[in-house]
Amino acid sequence: MTLRIALYCPDIAQNAGAILRTGACLGAEVHIIEPAGFPVGDAGFRRAGMDYIDQVVWRRHASFTAFDAERRAEGRRLVLLTTTGAEPLFGFPFQSDDVILFGRESAGVPPEVHAAADARVRIPMRPGVRSLNVAVSAGIVLAEALRQTGGLPA
């Protein structure tokens with residue numbers, strides 16, 4: 001099984017497209033949990049993913065409930081990236097079948113999604129800054145997870 005990135009109700013098509021491109025380049029699936037703040041598959045979404053959109057395995061899920069049921073049935077661990085996570089990224093041991101979940105740009109994830117996560121991880125940042133862009137965060141975290149699990153492309 002390969003690592004997956006999951007986007008919880010993303011707000012910005014260009015960020016989702018950039019994450020799809022990252023998934024294509026690094027060999028990770030991308031799952032989009034709806035509703036999204038844009039029509040999934042619209043021109044802006046495809047423009048941000050450029051020609052890489054056809055080189056990534058990606059799926060849509062109608063709701064978090066549907067996504068989570070599938071994830072649990074497959075026995076995959078849900079790793080939530082959150083600015084309030086107790087575990088710093090570079091001390092967290094990833095597994096090759098993890099699902100790495102990123103919240104929506106405007107609001108993160110609701111308490112019930114936090115509760116469903118098996119781990120809550122944060123990217124260490126300087127004091128006084130709020131957060132990184134979600135597409136930048138996804139690239140950082142995916143690269144670290146792939147490095148740890150031996151899944152980086154040659």
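Since this is a predicted model, take the numbers as computed values, not measurements. (Residues numbered from 1 in each chain as written. Predicted model: local features only at pLDDT ≥ 70, side-chain atom pairs only at ≥ 80, totals over all residues. Heavy atoms only, no water.)

Asker: How do you make sense of the environment of Phe 92 when you look at a structure like this?
Answerer: Here Phe 92 shows up in the loop between strand E5 (87-88) and strand E6 (99-102). Owing to a relative accessible area of 7%, Phe 92 belongs among the buried residues under this scheme. Sequence-wise, Phe 92 and Val 79 are 13 residues apart; in three dimensions their C-alpha atoms are separated by 10.0 Å. If near-sequence neighbours (up to four positions away) are discounted, Phe 92 is found in contact with Arg 77, Val 79, Glu 87, Asp 98, Ala 119, Val 121 and Gln 148. (Helix = DSSP H or I, 4+ residues; strand = E, 2+ residues; numbered from the N terminus. Buried < 20%, exposed > 50% of the residue type's maximum accessible area, 1.4 Å probe, protein only. Contact = heavy atoms within 4.5 Å.)

Asker: Whenever I open this one, the pattern of salt bridges confuses me. Can you help?
Answerer: Pairing is possible between side chains that carry opposite charge, provided their charged atoms lie close to one another. Scanning the entire structure with this criterion turns up eleven salt bridges. For Arg 4, the salt bridge goes to Glu 29, with nearest N and O atoms at 2.8 Å. Separated by 25 residues along the polypeptide, Arg 4 in strand E1 (residues 4-8) and Glu 29 in strand E2 (residues 29-33) bring together distant segments of the chain. Glu 29 shares its class with Arg 4; the two are buried. Between Glu 144 and Arg 147 there is a salt bridge, with its nearest N and O atoms 2.8 Å apart. In this pair, Glu 144 and Arg 147 both sit in helix H5 (residues 134-149), three residues apart, roughly one turn of the helix. Exposure remark for Glu 144: the relative accessible area of 7% places this residue in the buried category. (Salt bridge = Lys/Arg side-chain N within 4 Å of Asp/Glu carboxyl O.)

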